Amino acid sequence: KNEVEQSPQNLTAQEGEFITINCSYSVGISALHWLQQHPGGGIVSLFMLSSGKKKHGRLIATINIQEKHSSLHITASHPRDSAVYICAVSGSGAGSYQLTFGKGTKLSVIP
Amino acid sequence: DAGITQSPRYKITETGRQVTLMCHQTWSHSYMFWYRQDLGHGLRLIYYSAAADITDKGEVPDGYVVSRSKTENFPLTLESATRSQTSVYFCASSDRVGGSPLHFGNGTRLTVT
């Protein structure tokens, strides 16, 4: 089974700061997902990537397949970015239906 | 409205009662999933379905039953609720496994007393 580790577990930042959240996994994957969960809210898919880099607004996700590592960056952070960010990986082949989730990184952005 | 809808949003029930959580999606996605989210464990897969009438167990299936007679609906039943099943339950759907984003419902917070 894939092991997914996120760091840090908790992160407090000042508004405007550049933020990085890291995710590492132990076994080869078909795709990696970054999800966002606001307090008391549902879960939204931010990115799905299998190689390289993707950008959406102030959010950037990168993945290094050889290193089994992904990062989520937030530029010019804002209090509305405060949420839990979850990394999840899809297995390859017959196990691709099974997502393995990290435990999440709780981000608080202070005005 | 297009999307994935869970009901109820909140449910309190007693130990031993049967409870059914509903999930409905309007995209005609083939794959549907039930997860539970608990502090310290993250999200864990209970059951999934690859198509109507095809379901399979996930990581933590004990005490749960699912059915999928129609593509758009994927109800989760707790046959005899236990306190350990107190959790937040999320339904999700995807049109392809592994290679496409998951779309999540807003969750059902279930408390078993």
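Residues numbered from 1 in each chain as written. Chains lettered and ligands numbered in written order. Predicted model: local features only at pLDDT ≥ 70, side-chain atom pairs only at ≥ 80, totals over all residues. Heavy atoms only, no water.

Here we look at the packing of aromatic side chains
The line we're drawing: Here the aromatic set is Phe, Tyr and Trp, taking the six-membered ring for Trp, and pairing holds for ring centres within 6.5 Å; pairs whose planes are under 30 degrees apart are stacked, those over 60 apart are edge-to-face, and all others are tilted. Strands are runs of DSSP state E lasting at least two residues, helices are runs of H or I lasting at least four, and both sets are numbered from the N terminus onward. The cut-offs for exposure are 20% and 50% of the maximum accessible area for each residue type, with area from a 1.4 Å probe on protein chains only; residues under the lower value are buried, those over the upper are exposed, and the others partly exposed.
A full pass over the atoms with the stated rule returns six aromatic pairs over all chains. For the ring pair Y35(B) and F104(B), a centre distance of 6.1 Å and an interplane angle of 40° mean the geometry is tilted. Here Y35(B) is found in strand β4 (residues 31-38), whereas its partner F104(B) is found in strand β10 (residues 103-104), with 69 residues between them in sequence. Each member of the pair Y35(B) and F104(B) is classed as buried. Feature note: the residues F101(A), F33(B), Y35(B), Y48(B), F90(B) and F104(B) constitute an aromatic cluster, connected by ring pairs.

A look at the sheet that holds strand β1 (residues 4-7) of chain B
All names here are of chain B. So the rule is basically this: At least two DSSP bridges between two strands are required for those strands to pair. Lines fitted to C-alpha atoms define the axes, with helix axes restricted to the stretch in contact, and inter-axis angles between N-to-C directions lie between 0 and 180 degrees.
Taken together, four strands build an open sheet; the order of strands is β1-β3-β8-β7 and the sheet is antiparallel. Across the chains shown, the open sheet's two edge strands, defined by having one partner strand only, are β1 and β7 (64-66). Strand-to-strand, the axes of this sheet are offset by a mean angle of 15°, without reference to chain direction. Alignment of β1 against strand β3 (residues 19-25), held across four bridges, turns out to be antiparallel.

Points about the state of the cysteines
Heads up, the rule is: Note on terminology: disulfide denotes any pair of cysteine sulfur atoms within 2.5 Å.
The tally for this structure, following the rule as stated, stands at two disulfides over all chains. The disulfide that involves C23(A) links it to C87(A), with 2.0 Å between the sulfurs. As the torsion about the S-S bond is roughly -60°, the C23(A)-C87(A) disulfide counts as left-handed. Taken together, the positions of C23(A) in strand β3 (residues 19-25) and C87(A) in strand β9 (residues 83-90) put the pair 64 residues apart, joining distant regions of the chain. Given the relative accessible area of 0%, C23(A) is considered buried. Residue C87(A) is classed as buried on the basis of its relative accessible area, which comes to 0%. The side chain of C23(B) participates in a disulfide bridge whose partner is C91(B); the two sulfur atoms lie 1.9 Å from each other. Looking down the S-S bond of the C23(B) and C91(B) bridge, the torsion is -75°, so its handedness is left-handed. Of this pair, C23(B) sits in strand β3 while C91(B) sits in strand β9 (residues 87-94), and the two are 68 residues apart along the sequence.

Fair warning: the whole summary comes from geometry, so function is off the table for now.
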